[in-house]
Amino acid sequence: MALGKNYEGQDCSLARALELVGERWTLLVVRDALYGVRRYGDFLAHLDIPRAVLSQRLQTLVDAGVLERVRYSQSPPRDEYVLTAMGRELWGPVYLLAQWGERNLSKAGPRRVFHHVACGARIDPHGLCPSCGGRPPLEETEVRPGPGADPFRDDPVSVALRRPHRMLAPLPG
């Protein structure tokens, strides 16, 4: 029996969420947007994703209200993709899933580590600041390269993330 293509018959919020973000590339697009990636070409280079798939994922996220398309150049017309409040809410699940992957699937150690800008403490695996005791806002979170980061990737996003970078701040493009 073939598997269905969606979760229409499910009376479950997790199933509805998976309809939107459960596809293979979607959370990686969201992760990069959280890092500050905004431009199509940067998503394309960093994710090494087929153009048609990226275009479809971006459009799906725009249609759902996770991303907003914002025009940054009139001539030639160019847009960038900015997380909405709904999209920023995905930080918690993305962070926790990445931490699970670091603990269970990464032999070289964490690829990225996150710090609370206000006090400098490294955020724990549950997303809490051990120094302050709270959950730092995304805008007060800094991503830094970890010991498992690939030092040889040369796309613009990987190069920019070799230095500490505040989450959501646009990466140099």
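Calculation criteria
- Each residue is numbered by its place in its chain's sequence as written, counting from 1.
- Confidence filtering applies because this is a predicted model: local features only for residues at pLDDT of at least 70, side-chain atom pairs given and counted only at 80 or more, and all residues used for totals across whole chains, interfaces and linings.
- With hydrogens and water set aside, each side-chain value is computed from the structure's full complement of heavy atoms.
- Under the DSSP-based scheme used, a helix requires at least four consecutive residues in state H or I and a strand at least two consecutive residues in state E, with every element numbered from the N terminus.
- The cut-offs for exposure are 20% and 50% of the maximum accessible area for each residue type, with area from a 1.4 Å probe on protein chains only; residues under the lower value are buried, those over the upper are exposed, and the others partly exposed.
- By definition, residues are in contact when any of their heavy atoms lie within 4.5 Å.
- Using the Shrake-Rupley algorithm and a 1.4 Å probe, accessible areas are obtained, with residue cover drawn only from the displayed protein chains.
- Counting rule for charge: Lys and Arg are taken as positive, Asp and Glu as negative, and neither His nor the chain ends is counted.
- Where a charge lies is defined by one atom per residue type: Lys uses NZ, Arg uses CZ, Asp uses CG and Glu uses CD.
- We define a nonpolar core as any set of buried Ala, Val, Leu, Ile, Met, Phe, Trp, Tyr and Cys residues linked to one another through side-chain atoms lying within 4.5 Å.
- Axes, fitted as lines to C-alpha atoms, cover a helix only where it is in contact. Angles between the N-to-C directions of the axes lie from 0 to 180 degrees.
- By definition in this entry, angles of less than 35 degrees are roughly parallel, angles greater than 145 are roughly antiparallel, angles of 65 to 115 are roughly perpendicular, and the rest are oblique.
- Each helix crossing is assigned a hand: it is left-handed if the near helix lies turned anticlockwise from the far helix by less than a right angle, otherwise right-handed if that turn is clockwise.

*Asks:* Looking at this structure, how should I read the overall build of the chain?
*Replies:* Looking only at helices and strands, the chain features seven helices and five strands. Helices and strands in the chain line up, N terminus first, as α-α-α-α-β-β-α-α-β-β-α-β. The principal-axis extents of the C-alpha atoms in the chain amount to approximately 45 × 45 × 30 Å. Burial analysis of the chain (173 residues in total) assigns 39% to the buried set. Considering only contacts within the chain whose residues lie at least 6 apart along the sequence, 51% involve residues at least 24 apart. As displayed, the chain offers around 10,300 Å² of accessible surface, 54% of which is attributable to carbon and sulfur atoms. A gap of 4 Å separates the mean positions of the 23 positive and 20 negative side-chain charges of the chain.

*Asks:* Quick question: what am I supposed to make of the nonpolar core here?
*Replies:* For soluble globular proteins, the rule of thumb is that nonpolar side chains tend to be buried together. If you look at the biggest cluster of nonpolar residues, it comprises 35 residues, and the most contacted ones within it are L34, F43, L67, F114 and M167. Elements supplying a minimum of two residues to this core: α1 (13-21), α2 (26-35), α3 (40-47), α4 (51-64), β2 (77-83), α6 (91-105) and α7 (156-160). It is α2 that contributes the most residues to this core, five residues altogether. In this view, L67 contacts A33, L58, L61, V62, Y81, V82, L83 and T84; residues no more than four positions away in its chain are not counted.

*Asks:* Honestly, the packing of α3 against α4 in this entry has me stumped. Any pointers?
*Replies:* A packed helix pair is summarised by two numbers, namely the angle formed by the two axes and the spacing between the axes. The N-to-C vectors of α3 and α4 enclose an angle of 125°; their axes lie 11 Å apart at closest approach. With respect to α4, the axis of α3 lies oblique. For the pair α3 and α4, the crossing hand works out as right-handed. On the side of α3, the interface is formed by Y40, F43 and L44, while α4 contributes R51, L54, S55 and L58.

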